[in-house]
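# Analysis of the macromolecular model
Each chain, written out:
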Amino acid sequence: MRLQKFLARAGVASRRGAEELIGAGRVRVNGAAVAEMGTKVDPERDVVEVDGARVLPPAGERTVLMLHKPVGYVTTMRDAHARRIVADLVPSGRYPGLFPVGRLDRDTTGLLLFSTDGELGHALLHPRGHVTKRYVALVEGVVGRREAEALRRGVVLDDGPTLPAEVEVLSGRAADLAREALVLPEAQAKKMPREQARALRAGCGAGAGACSCVRLGIREGRNRQVRRMLACVGHPVLALHRESFGPLDLGSLPAGEWRVLDAAEVAALAKAAAGE
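Summarised in this report is the structure supplied together with it.

Rules behind the numbers
Residues numbered from 1 in each chain as written. Predicted model: local features only at pLDDT ≥ 70, side-chain atom pairs only at ≥ 80, totals over all residues. Heavy atoms only, no water. Core = buried A, V, L, I, M, F, W, Y, C linked by side-chain atoms within 4.5 Å. Buried < 20%, exposed > 50% of the residue type's maximum accessible area, 1.4 Å probe, protein only. Helix = DSSP H or I, 4+ residues; strand = E, 2+ residues; numbered from the N terminus. Contact = heavy atoms within 4.5 Å. Arc of directions from axis to C-beta. Phe/Tyr/Trp six-rings, centres within 6.5 Å; stacked < 30°, edge-to-face > 60°. Lys NZ or Arg CZ within 6 Å of the ring centre and 35° of its normal. Lys, Arg positive; Asp, Glu negative; His and termini not counted. Salt bridge = Lys/Arg side-chain N within 4 Å of Asp/Glu carboxyl O. Polar contact = N/O pair within 3.5 Å; in protein donor to acceptor, adjacent residues only side chain to side chain. Axes fitted to C-alpha atoms, helices over the stretch in contact; angles between N-to-C directions. Parallel < 35°, antiparallel > 145°, perpendicular 65-115°, else oblique. Left-handed = near helix turned anticlockwise from the far one by under 90°. Nonpolar A, V, L, I, M, F, W, Y, C, P; charged D, E, K, R; others polar.

## Description of the nonpolar core
Ranked by size, the top nonpolar core spans 30 residues in total, and within it F114 and L151 carry the most contacts. Listing elements by their share of this core, those giving two or more residues are β5 (64-69), β7 (108-115), β8 (133-140), α4 (145-153), β12 (211-218), α7 (225-232) and β13 (237-245). Ignoring sequence-local partners within four residues, the contact set of L151 consists of P164, A165, V167, L216, M229, L230 and V233.

The structure is reproduced here in structure tokens:
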């Protein structure tokens, strides 16, 4: 088995993340550092280590869980800067090899998946799988038809053009509910003055002027992509929440809580990752 595939199946990282570990010289096989991606290992005989810790072959059924990520947590399982991290919110000790599938930035809330199956994680994040992640954003200004159409076509960011996005500008009761849900955690995390929080709930931006609530669906996972896309069309994000990942909705799971997915949910994710 290829080394990066073994690391992914063992839940160390996604396949791409495993390749980065190998390239950085952090992986050893039978005591020797490995730097070539094509290296093959026998999981039953070879001793594989990452940063000095032995990696064991996966045992038993894979575990996939969802977390309702709160504001203020960094999406990583380890951090050298003493920041609050998502590893503190999930049962990584109970499920060895658990890792986050993709990232949400520190100021973004919502559905974050974790898995012990690196292969599934890699497939869910690859654009060819067409697995859509849906977000609700509170943005500065009034989003008009021109801006929405630009997002639907795809915009050009500094790292290249994006794939077309699903876009819905919320109005009426739907916008009111979205705004209420988005503003409270943002206001609490940033210690926003009460008057400013009230203004946001009422539909005003950080200063003067209106704001909009937008539902956006994307199939990619670039760094801070939704924020950059909306800024590109002139509407900086004030608060951002991911409400679904492929066939899974966050539902009523409270902020900071997690739950293990059942077999049907995991099968639905795998089916979505396969493009079915």
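Resuming the write-up.
## Some words on helix α2 (residues 15-23)
For α2, the set of buried residues is G17, A18, L21 and I22. Projected down its long axis, α2 carries its buried residues within an arc of 145°, all on one side. Turned more than 90 degrees off the buried face of α2, the exposed positions are R16, E20 and G23. In this fold, the buried residues of α2 make contact with α1 (3-9), β1 (27-29) and β3 (48-50). Backbone geometry just downstream of α2 places G25 in the positive-phi region, at approximately 75°.

## Remarks on the packing of aromatic side chains
Throughout the structure, instances matching the rule amount to 0 aromatic pairs. The side chain of R84 reaches across the aromatic face of Y73, ending 4.8 Å from its centre. One Lys or Arg, K133, reaches over the ring of F245 and ends 5.6 Å from the middle of that ring.

## Quick word on the environment of A272
Tracing the backbone through its elements, the reader meets A272 in helix α8 (residues 263-273). Residue class for A272 comes out buried when judged on its relative accessible area of 16%. Spatially, the C-alpha atoms of A272 and P247 are 7.4 Å apart, while their sequence positions differ by 25 residues.

## Description of the side chain of R242
As for its placement among the helices and strands, R242 is situated in strand β13. Buried charge without a partner: R242 forms no salt bridge, and the closest opposite charge is D105, 9.7 Å away. Within the structure, R242 has its side chain in polar contact with the backbone oxygen of L111 (distance 2.8 Å). In terms of polar contacts, R242 uses its side chain to reach the side chain of Y135, at 3.0 Å. In contact with R242, not counting residues within four places along its chain, are R103, L104, T109, G110, L111, L112, K133, R134, Y135 and L250.

## Thoughts on the pattern of salt bridges
Pairs can form between side chains of opposite charge whenever their charged atoms are close. Overall, the coordinates contain 15 salt bridges when judged by the stated rule. The shortest N-O distance in the salt bridge between R152 and E149 comes to 2.7 Å. Remark: E149 and R152 occur in helix α4; sequence separation between them is 3 residues, near one turn of the helix. With a relative accessible area of 32%, R152 lands in the partly exposed category. For D159, the salt bridge identified is with R228, shortest N-O distance 3.1 Å. Residue D159 is located in the loop between β9 (156-157) and β10 (160-161), and its partner R228 is located in helix α7; the two are separated by 69 residues in the primary sequence.

## A closer look at the packing of helix α3 (residues 118-125) against α8
When two helices pack together, their arrangement is given by the angle between the helix axes and by the axis-to-axis distance. It is at 8 Å that the axes of α3 and α8 come closest, and there the two elements cross at 50°. Our classification of the angle between α3 and α8 gives oblique. The two elements α3 and α8 meet at a crossing, and its hand is left-handed. Between α3 and α8, the contacting residues are L120, A123 and L124 on the first element and V266, L269, A270 and A273 on the second. Of the residues that constitute the contact of α3 with α8, the class distribution is 7 nonpolar, no polar and no charged.

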